[in-house]
Each structure stands twice: as C-alpha cells, then as structure tokens.
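Here's the letter readout for the chains.
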Amino acid sequence: MFRPKIPTMPMPTGLTIPPAVIEATTITRHAETPPAVQPTPAPSRPTVQLTTGTVLALVGGGTAVVLVLGAVLVSLLLAVAVTGASVAVCAVVLRSLLASDAKRR
C-alpha cells in the first residue's frame, strides 16, 4: 500500500522512422592559412560607476521601501487586533444575552 508503483514505459505505437544511413566522407586538406588574430572582445556591459548622489538615492529608496512595508504590515496587524477585539466583545454580549434569557425561564 505504501510502496510506490512505478509505471513501465509503454512500447511506441504508430509510425516509426527507420534509422538514417550514415555514409563515410573523405577529408581533403587545403593549404594551411595562418589563424586570424582575434581582437579582444569589449566588455559586454559597462561597469557601474557609483557616485555620492547615486549612493544617497539608493539609500533613500531603500529606506522608503522599508518604511512603506513597515506601515503596511503594522496596519494589517492592527486590523487583525481590532477584528479580534470586536469578535470578543460580540461573544461577551451574546453570552450575557443567553445567560439572562436562561434566568428568566
């Protein structure tokens, strides 16, 4: 029951392509040419130059992101706390109503 059942690979159905016939080829040598000198490739992307203004902008942007995320998370936590408190108040009121109704009878 707990052992996995590994499916077996089914045999292919339908049309199958026969293997291609590979013929041998002869290699002929041409006059040797000197290899061309490859120029050194330029870097594919330029290096980033960080200036003081760029660093300040990055720090300011990171601070703004952290503050916004913090505010969102605190507001979500506050919403959960307010919802829990209101549910607790509703439970106390219903319990009080049911207890007073039972005393009257």
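K.L.:
I'd like to hear about the overall build of the protein, residue by residue, with values.
P.N.:
A tally of regular secondary structure across the protein gives 1 helix and 0 strands. Buried residues in the protein amount to 0% of all 105 residues. Taken as a whole, the protein presents about 11,300 Å² of accessible surface, with 71% of it coming from carbon and sulfur.

K.L.:
Can you break down a nonpolar patch on the surface residue by residue, with the values?
P.N.:
Judged by side-chain polarity, V48, L50, V55, L58 and V59 come together as a nonpolar surface patch covering roughly 500 Å² of accessible area. As for its position among the elements, V48 is in the segment before α1 (52-104). A relative accessible area of 69% places V48 in the exposed class.

Conventions used here
Residues numbered from 1 in each chain as written. Predicted model: local features only at pLDDT ≥ 70, side-chain atom pairs only at ≥ 80, totals over all residues. Heavy atoms only, no water. Helix = DSSP H or I, 4+ residues; strand = E, 2+ residues; numbered from the N terminus. Buried < 20%, exposed > 50% of the residue type's maximum accessible area, 1.4 Å probe, protein only. Areas by Shrake-Rupley, 256 points an atom, 1.4 Å probe, with all protein chains shown as cover. Patch = residues over 30% accessible without salt bridge, like charges linked within 9 Å, V, L, I, M, F, W, Y side chains within 5 Å. Salt bridge = Lys/Arg side-chain N within 4 Å of Asp/Glu carboxyl O.

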